[in-house]
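# Inside the fold
What follows is the residue order along each chain.
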Amino acid sequence: MTPQEPTDTLAGAASALVHGHDVTDLLLRLTQQATRTFGGDVGGLLVRADRAGRLEVLAATDHLASHLEVYQAQRVEGPCVDVVVTGAPVAAVGREELLERWPAVGREIVDAGLRSVHAFPLAWRGAVVGGLNIFARHDLEATPETARAAQAVADMLTLVVTQPDTLGEDELARRIDHALAGRVVIEQAKGALAERLDLDMARAYDALVERSLRTGTTVTETARSVLQEAQEG
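Residues numbered from 1 in each chain as written. Predicted model: local features only at pLDDT ≥ 70, side-chain atom pairs only at ≥ 80, totals over all residues. Heavy atoms only, no water.

What follows concerns the pattern of salt bridges. Applying the stated criterion across every chain, the model contains ten salt bridges. For Arg-107, the salt bridge goes to Asp-111, with nearest N and O atoms at 3.5 Å. Here Asp-111 and Arg-107 lie together in helix α6 (residues 103–111), a separation of four residues that amounts to about one turn. Classification of Arg-107 as partly exposed rests on a relative accessible area of 35%. On the basis of relative accessibility, which here comes to 56%, the residue Asp-111 falls in the exposed class. Taking the shortest distance from any N to any O, the salt bridge between Glu-145 and Arg-148 comes out at 4.0 Å. With Glu-145 and Arg-148 both in helix α7 (residues 144–162) and three residues apart, the pair spans about one turn of that helix. We note that Glu-145, like Arg-148, is exposed. Overlapping salt bridges bring together Arg-183, Glu-187 and Lys-190 as one network. (Salt bridge = Lys/Arg side-chain N within 4 Å of Asp/Glu carboxyl O. Helix = DSSP H or I, 4+ residues; strand = E, 2+ residues; numbered from the N terminus. Buried < 20%, exposed > 50% of the residue type's maximum accessible area, 1.4 Å probe, protein only.)

The next subject is the sheet that holds strand β3 (residues 90–93). Strands sit in the order β2-β1-β5-β4-β3 across an open sheet of five strands; the sheet is antiparallel. Two strands bound the open sheet, and with one partner strand each, they are β2 (55–60) and β3. If you compare each strand with its neighbour and ignore which way they point, the axes differ by 20° on average. Direction of pairing for strand β1 (residues 42–48) relative to strand β5 (residues 127–136): antiparallel, over a ladder of six bridges. Across the sheet, residue Val-47 finds its bridge partner in β5, namely Gly-130. Relative to β1, helix α2 (residues 23–38) is tilted by about 130°, and along the sheet it contacts β1, β2, β4 (116–124) and β5. Against the sheet, helix α3 (residues 63–75) makes contact with β1, β2 and β5, and its axis sits at roughly 35° relative to β1, the strand it touches most. (Pairing = 2+ DSSP bridges. Axes fitted to C-alpha atoms, helices over the stretch in contact; angles between N-to-C directions. Contact = heavy atoms within 4.5 Å.)

For helix α10 (residues 219–232), with 14 residues, the first-to-last C-alpha span of 20 Å sits near the 20 Å given by 1.5 Å per residue. Residues of α10 that are buried: Val-219, Thr-220, Thr-222, Ala-223, Val-226 and Leu-227. With its buried residues spanning 160° around the axis, α10 presents them on a single face. In this structure, α10 carries Gln-231 and Glu-232 as exposed residues pointing more than 90 degrees from its buried face. One or two positions beyond α10, positive phi appears at Gly-233, with a value near 80°. (Expected span 1.5 Å × (residues − 1). Arc of directions from axis to C-beta.)

Here we take up the environment of Gly-53. With respect to the helices, strands and loops of the structure, Gly-53 is situated in the loop between β1 and β2. On a C-alpha basis, the gap between Gly-53 and Val-129 in space is 9.1 Å, while along the polypeptide they are 76 residues apart.

Let us look at the packing of aromatic side chains. Evaluated as defined, the whole model comprises one aromatic pair. Aromatic pair Phe-38 and Phe-120: ring centres 5.5 Å apart, planes at 75°, arrangement edge-to-face. Separated by 82 residues along the polypeptide, Phe-38 in helix α2 and Phe-120 in strand β4 bring together distant segments of the chain. For the pair shown, Phe-38 and Phe-120 are each scored as buried. (Phe/Tyr/Trp six-rings, centres within 6.5 Å; stacked < 30°, edge-to-face > 60°.)

None of this, on its own, says anything about what the molecule does.
Given below as C-alpha coordinates:
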(Lines give C-alpha, C1' and ligand atoms only; values in the text may rest on other atoms or scores of the structure.)
Protein backbone atom coordinates (compact mmCIF):
# COMPACT_ATOMS: atom_id res chain seq x y z
CA MET A 1 0.00 0.00 0.00
CA THR A 2 1.32 3.46 -0.87
CA PRO A 3 0.70 6.69 1.04
CA GLN A 4 -1.36 7.91 -1.94
CA GLU A 5 -4.10 5.34 -1.56
CA PRO A 6 -6.19 7.04 1.18
CA THR A 7 -6.12 10.28 -0.82
CA ASP A 8 -7.12 8.45 -3.99
CA THR A 9 -9.99 6.81 -2.13
CA LEU A 10 -11.33 10.09 -0.79
CA ALA A 11 -10.98 11.71 -4.21
CA GLY A 12 -12.90 8.85 -5.81
CA ALA A 13 -15.62 9.04 -3.18
CA ALA A 14 -15.94 12.80 -3.62
CA SER A 15 -16.29 12.34 -7.37
CA ALA A 16 -18.98 9.71 -6.83
CA LEU A 17 -20.93 12.11 -4.61
CA VAL A 18 -20.83 14.77 -7.31
CA HIS A 19 -21.66 12.56 -10.29
CA GLY A 20 -24.04 10.00 -8.74
CA HIS A 21 -23.39 6.71 -6.98
CA ASP A 22 -24.78 3.50 -5.57
CA VAL A 23 -24.95 4.26 -1.83
CA THR A 24 -24.54 0.68 -0.60
CA ASP A 25 -21.60 -0.01 -2.89
CA LEU A 26 -19.77 3.21 -2.02
CA LEU A 27 -20.20 2.59 1.72
CA LEU A 28 -18.70 -0.88 1.28
CA ARG A 29 -15.73 0.38 -0.77
CA LEU A 30 -14.93 3.09 1.77
CA THR A 31 -15.20 0.66 4.69
CA GLN A 32 -12.84 -1.74 2.89
CA GLN A 33 -10.35 1.03 2.20
CA ALA A 34 -10.44 2.35 5.76
CA THR A 35 -9.78 -1.15 7.08
CA ARG A 36 -6.81 -1.67 4.75
CA THR A 37 -5.35 1.78 5.37
CA PHE A 38 -5.54 1.35 9.13
CA GLY A 39 -3.91 -2.08 8.97
CA GLY A 40 -6.96 -3.99 10.18
CA ASP A 41 -8.42 -7.28 8.98
CA VAL A 42 -12.20 -6.69 8.98
CA GLY A 43 -14.39 -3.62 9.33
CA GLY A 44 -18.00 -2.58 9.61
CA LEU A 45 -20.28 0.43 9.66
CA LEU A 46 -23.06 0.76 12.25
CA VAL A 47 -25.51 3.68 12.14
CA ARG A 48 -28.47 5.10 14.03
CA ALA A 49 -31.45 4.24 11.88
CA ASP A 50 -34.12 6.31 13.62
CA ARG A 51 -34.74 8.89 16.32
CA ALA A 52 -35.06 6.16 18.95
CA GLY A 53 -31.42 5.25 18.40
CA ARG A 54 -31.96 1.86 16.76
CA LEU A 55 -28.66 0.64 15.32
CA GLU A 56 -28.32 -1.03 11.92
CA VAL A 57 -25.43 -2.36 9.84
CA LEU A 58 -24.88 -0.47 6.59
CA ALA A 59 -21.59 -2.01 5.43
CA ALA A 60 -19.27 -4.87 6.36
CA THR A 61 -16.08 -6.12 4.73
CA ASP A 62 -17.09 -9.74 5.27
CA HIS A 63 -19.52 -12.04 7.07
CA LEU A 64 -17.55 -11.91 10.33
CA ALA A 65 -17.67 -8.11 10.43
CA SER A 66 -21.38 -8.17 9.68
CA HIS A 67 -21.96 -10.63 12.54
CA LEU A 68 -19.99 -8.54 15.02
CA GLU A 69 -21.83 -5.35 14.04
CA VAL A 70 -25.23 -7.03 14.35
CA TYR A 71 -24.23 -8.50 17.72
CA GLN A 72 -23.25 -5.06 19.03
CA ALA A 73 -26.60 -3.66 17.91
CA GLN A 74 -28.47 -6.51 19.58
CA ARG A 75 -26.55 -6.28 22.85
CA VAL A 76 -26.34 -2.46 22.76
CA GLU A 77 -22.73 -2.90 23.82
CA GLY A 78 -19.38 -2.57 22.13
CA PRO A 79 -16.94 -0.11 20.56
CA CYS A 80 -19.34 1.15 17.91
CA VAL A 81 -22.09 1.66 20.48
CA ASP A 82 -19.67 3.63 22.66
CA VAL A 83 -18.67 5.80 19.70
CA VAL A 84 -22.29 6.63 18.93
CA VAL A 85 -22.93 7.54 22.58
CA THR A 86 -19.74 9.55 23.24
CA GLY A 87 -18.88 10.92 19.80
CA ALA A 88 -15.21 10.15 20.47
CA PRO A 89 -12.91 7.50 18.94
CA VAL A 90 -12.67 4.25 20.87
CA ALA A 91 -9.82 1.74 20.98
CA ALA A 92 -9.19 -1.53 22.77
CA VAL A 93 -6.00 -3.50 22.20
CA GLY A 94 -5.42 -6.95 23.63
CA ARG A 95 -7.63 -9.77 24.85
CA GLU A 96 -7.82 -8.53 28.43
CA GLU A 97 -8.94 -5.02 27.53
CA LEU A 98 -11.59 -6.30 25.12
CA LEU A 99 -13.09 -8.59 27.75
CA GLU A 100 -12.90 -5.97 30.50
CA ARG A 101 -14.61 -3.21 28.51
CA TRP A 102 -17.36 -5.26 26.85
CA PRO A 103 -18.04 -8.57 28.63
CA ALA A 104 -20.43 -10.00 26.02
CA VAL A 105 -19.25 -8.32 22.82
CA GLY A 106 -15.62 -8.52 23.89
CA ARG A 107 -15.96 -12.27 24.30
CA GLU A 108 -17.51 -12.52 20.84
CA ILE A 109 -14.63 -10.51 19.35
CA VAL A 110 -11.99 -12.61 21.10
CA ASP A 111 -13.67 -15.90 20.21
CA ALA A 112 -13.62 -14.78 16.56
CA GLY A 113 -9.82 -14.66 16.73
CA LEU A 114 -9.56 -10.87 16.87
CA ARG A 115 -7.30 -9.03 19.29
CA SER A 116 -8.00 -5.34 18.82
CA VAL A 117 -10.63 -2.89 17.65
CA HIS A 118 -10.68 0.79 16.77
CA ALA A 119 -13.89 2.74 16.21
CA PHE A 120 -14.35 6.19 14.69
CA PRO A 121 -17.46 8.42 14.87
CA LEU A 122 -19.61 9.51 11.95
CA ALA A 123 -20.56 13.02 13.07
CA TRP A 124 -23.06 15.22 11.27
CA ARG A 125 -23.83 18.80 12.39
CA GLY A 126 -23.28 18.16 16.08
CA ALA A 127 -24.90 14.72 16.13
CA VAL A 128 -23.30 11.29 15.86
CA VAL A 129 -25.08 9.22 13.23
CA GLY A 130 -22.91 6.09 13.42
CA GLY A 131 -19.51 4.54 13.85
CA LEU A 132 -16.82 2.85 11.77
CA ASN A 133 -15.33 -0.27 13.38
CA ILE A 134 -11.94 -1.70 12.38
CA PHE A 135 -10.91 -5.05 13.86
CA ALA A 136 -7.49 -6.73 13.73
CA ARG A 137 -6.25 -10.23 14.48
CA HIS A 138 -3.20 -8.80 16.22
CA ASP A 139 -2.49 -6.10 18.78
CA LEU A 140 -2.92 -3.11 16.49
CA GLU A 141 -1.98 0.28 17.88
CA ALA A 142 -3.05 3.46 16.12
CA THR A 143 -0.53 6.01 14.91
CA PRO A 144 -1.44 9.66 14.40
CA GLU A 145 -1.27 9.10 10.64
CA THR A 146 -3.47 5.99 10.53
CA ALA A 147 -5.97 7.52 12.96
CA ARG A 148 -6.27 10.66 10.83
CA ALA A 149 -6.70 8.60 7.66
CA ALA A 150 -9.38 6.39 9.23
CA GLN A 151 -11.26 9.40 10.61
CA ALA A 152 -11.09 11.07 7.20
CA VAL A 153 -12.76 8.03 5.65
CA ALA A 154 -15.32 8.01 8.47
CA ASP A 155 -16.09 11.65 7.64
CA MET A 156 -16.53 10.73 3.98
CA LEU A 157 -18.84 7.88 5.02
CA THR A 158 -20.89 10.47 6.89
CA LEU A 159 -21.25 12.54 3.73
CA VAL A 160 -22.29 9.48 1.73
CA VAL A 161 -25.03 8.68 4.27
CA THR A 162 -26.27 12.20 4.89
CA GLN A 163 -25.45 14.10 1.67
CA PRO A 164 -24.80 17.86 1.92
CA ASP A 165 -28.35 18.70 0.82
CA THR A 166 -30.04 16.79 3.63
CA LEU A 167 -32.63 19.05 5.26
CA GLY A 168 -33.75 17.06 8.28
CA GLU A 169 -34.00 13.78 10.12
CA ASP A 170 -36.80 12.47 7.91
CA GLU A 171 -34.61 12.77 4.81
CA LEU A 172 -31.71 11.14 6.66
CA ALA A 173 -33.97 8.25 7.68
CA ARG A 174 -35.05 7.87 4.06
CA ARG A 175 -31.46 7.66 2.87
CA ILE A 176 -30.59 5.10 5.52
CA ASP A 177 -33.66 3.05 4.61
CA HIS A 178 -32.47 3.10 0.98
CA ALA A 179 -29.02 1.87 1.98
CA LEU A 180 -30.56 -0.80 4.22
CA ALA A 181 -32.63 -2.01 1.27
CA GLY A 182 -29.38 -2.54 -0.59
CA ARG A 183 -28.02 -4.54 2.34
CA VAL A 184 -31.13 -6.76 2.31
CA VAL A 185 -30.54 -7.57 -1.36
CA ILE A 186 -26.91 -8.42 -0.60
CA GLU A 187 -27.86 -10.70 2.31
CA GLN A 188 -30.44 -12.50 0.15
CA ALA A 189 -27.91 -12.98 -2.65
CA LYS A 190 -25.37 -14.25 -0.15
CA GLY A 191 -27.84 -16.92 0.95
CA ALA A 192 -28.62 -17.84 -2.65
CA LEU A 193 -24.93 -18.25 -3.47
CA ALA A 194 -24.32 -20.27 -0.33
CA GLU A 195 -27.07 -22.70 -1.30
CA ARG A 196 -26.19 -22.89 -4.99
CA LEU A 197 -22.42 -23.25 -4.56
CA ASP A 198 -22.55 -25.19 -1.28
CA LEU A 199 -20.58 -22.51 0.60
CA ASP A 200 -20.77 -21.18 4.11
CA MET A 201 -22.08 -17.65 4.47
CA ALA A 202 -18.60 -16.13 4.87
CA ARG A 203 -17.34 -17.63 1.62
CA ALA A 204 -20.58 -16.76 -0.15
CA TYR A 205 -20.06 -13.10 0.76
CA ASP A 206 -16.49 -13.22 -0.52
CA ALA A 207 -17.71 -14.80 -3.76
CA LEU A 208 -20.27 -12.02 -4.20
CA VAL A 209 -17.69 -9.26 -3.72
CA GLU A 210 -15.18 -11.02 -6.00
CA ARG A 211 -17.81 -11.34 -8.72
CA SER A 212 -18.60 -7.64 -8.37
CA LEU A 213 -14.94 -6.74 -8.89
CA ARG A 214 -14.57 -9.17 -11.79
CA THR A 215 -17.62 -7.89 -13.67
CA GLY A 216 -17.08 -4.22 -12.88
CA THR A 217 -20.57 -3.83 -11.41
CA THR A 218 -21.63 -2.61 -7.98
CA VAL A 219 -22.18 -5.13 -5.21
CA THR A 220 -25.88 -4.29 -5.21
CA GLU A 221 -26.19 -4.85 -8.97
CA THR A 222 -24.27 -8.11 -8.65
CA ALA A 223 -26.56 -9.22 -5.83
CA ARG A 224 -29.64 -8.49 -7.95
CA SER A 225 -28.15 -10.55 -10.80
CA VAL A 226 -27.52 -13.45 -8.44
CA LEU A 227 -31.13 -13.33 -7.21
CA GLN A 228 -32.44 -13.16 -10.76
CA GLU A 229 -30.35 -16.20 -11.70
CA ALA A 230 -31.69 -18.04 -8.67
CA GLN A 231 -35.28 -17.25 -9.65
CA GLU A 232 -34.65 -18.43 -13.21
CA GLY A 233 -33.19 -21.67 -11.90
